[in-house]
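A structural walkthrough
Each chain, letter by letter, is given below.
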Amino acid sequence: MKPETTKTNKKDMSKFEELKESVQKIIDLIAAKQSKEANNKLLEVSDTLDEMLDHAEEDEELREISRYQVLLNQLHVKINGEEQVDGE
């Protein structure tokens, strides 16, 4: 018999594998200069990440989610450009 945590870990890993594939899709869209599609995909992935954060129970899960949040923020800046400061 396998311990129950094995199923949880595999399930968690598959969620992160899906995230990884989705982030790669965003990067591919950016490279293809399809900003609108990249932004739409980014919003979709961001919503998924928020939902995962709401249900995260383990510290390792929270750390991995945090890494993806940072990456999505960087991709957002790449797609939409730097925020303008002081109305410039």
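Here's a quick rundown of the structure. This is a predicted model, so every value here is computed, not measured.

1. A look at the overall build of the chain
Helices and strands together make up the secondary structure of the chain, namely three helices and zero strands. Put simply, the chain has 88 residues, and 23% of those count as buried. Expressed as a percentage of contacts within the chain between residues at least 6 apart in sequence, the contacts between residues at least 24 apart total 59%. Accessible surface, the chain as shown: approximately 6,900 Å² in total, 49% of it carbon and sulfur.

2. Remarks on helix α2 (residues 35-55)
Compared with an ideal rise of 1.5 Å per residue, which puts 21 residues at 30 Å, α2 spans 30 Å between its outermost C-alpha atoms and is within 8% of the ideal. Every buried residue of α2 is accounted for by Ala-38, Asn-39, Leu-42, Val-45, Leu-49 and Met-52. Looking straight down α2, one finds its buried side chains confined to an arc of 135°; they lie on one side. Those residues of α2 that are exposed and aimed more than 90 degrees away from the buried face are Lys-36, Asp-47, Glu-51, Asp-54 and His-55.

3. Description of the nonpolar core
With 16 residues, the main nonpolar core has Leu-19, Ile-26 and Leu-72 as its most contacted residues. Among the secondary structure elements, those contributing two or more residues to this core are α1 (4-31), α2 and α3 (59-80). Non-local contacts of Leu-72, meaning those with residues more than four positions away in its chain, are made with Val-23, Ile-26, Leu-42, Val-45, Ser-46 and Leu-49.

4. Thoughts on unusual backbone geometry
Trans peptide bonds make up the majority, and among non-glycine residues the majority have a negative phi. The backbone of Lys-33 sits at a positive phi, close to 60°, despite the residue not being glycine. Locating Lys-33 in the fold gives a position in the loop between α1 and α2.

5. Let's talk about a negative patch on the surface
Taken together, Asp-47, Asp-50, Glu-51 and Asp-54 make up a surface patch of like negative charges. Mapped onto the fold, Asp-47 is located in helix α2.

Quick notes on the rules
Position labels on residues start from 1 in each chain and follow its written sequence. Confidence filtering applies because this is a predicted model: local features only for residues at pLDDT of at least 70, side-chain atom pairs given and counted only at 80 or more, and all residues used for totals across whole chains, interfaces and linings. The side-chain quantities take in all heavy atoms of the structure and omit both hydrogens and water. Helical segments are the DSSP runs of H or I of at least four residues, strand segments are the runs of E of at least two, and each set is numbered from the N terminus. Throughout this description, buried means an accessible area under 20% of the type-specific maximum (1.4 Å probe, protein chains only), exposed means over 50%, and partly exposed covers the range between. Contacts are residue-level and defined by heavy atoms, with any inter-residue pair within 4.5 Å sufficient. Accessible areas in this description were obtained via Shrake-Rupley with a 1.4 Å probe; residue shielding takes into account the shown protein chains only. Multiplying 1.5 Å by the helix residue count minus one yields the expected span of that helix. Along the arc lie the directions from the helix axis toward the C-beta atoms. Nonpolar core, defined: a set of buried Ala, Val, Leu, Ile, Met, Phe, Trp, Tyr and Cys residues in which side-chain atoms within 4.5 Å join the residues together. The patches described consist of residues with a relative accessible area above 30% and no salt bridge, like charges being joined within 9 Å and nonpolar side chains (Val, Leu, Ile, Met, Phe, Trp, Tyr) within 5 Å. A pairing counts as a salt bridge when a side-chain nitrogen of Lys or Arg comes within 4 Å of a carboxyl oxygen of Asp or Glu. Counted charges follow a simple rule, with Lys and Arg positive, Asp and Glu negative, and His plus the chain ends left uncounted. Charge coordinates come from a single atom per side chain, which is NZ of Lys, CZ of Arg, CG of Asp or CD of Glu.

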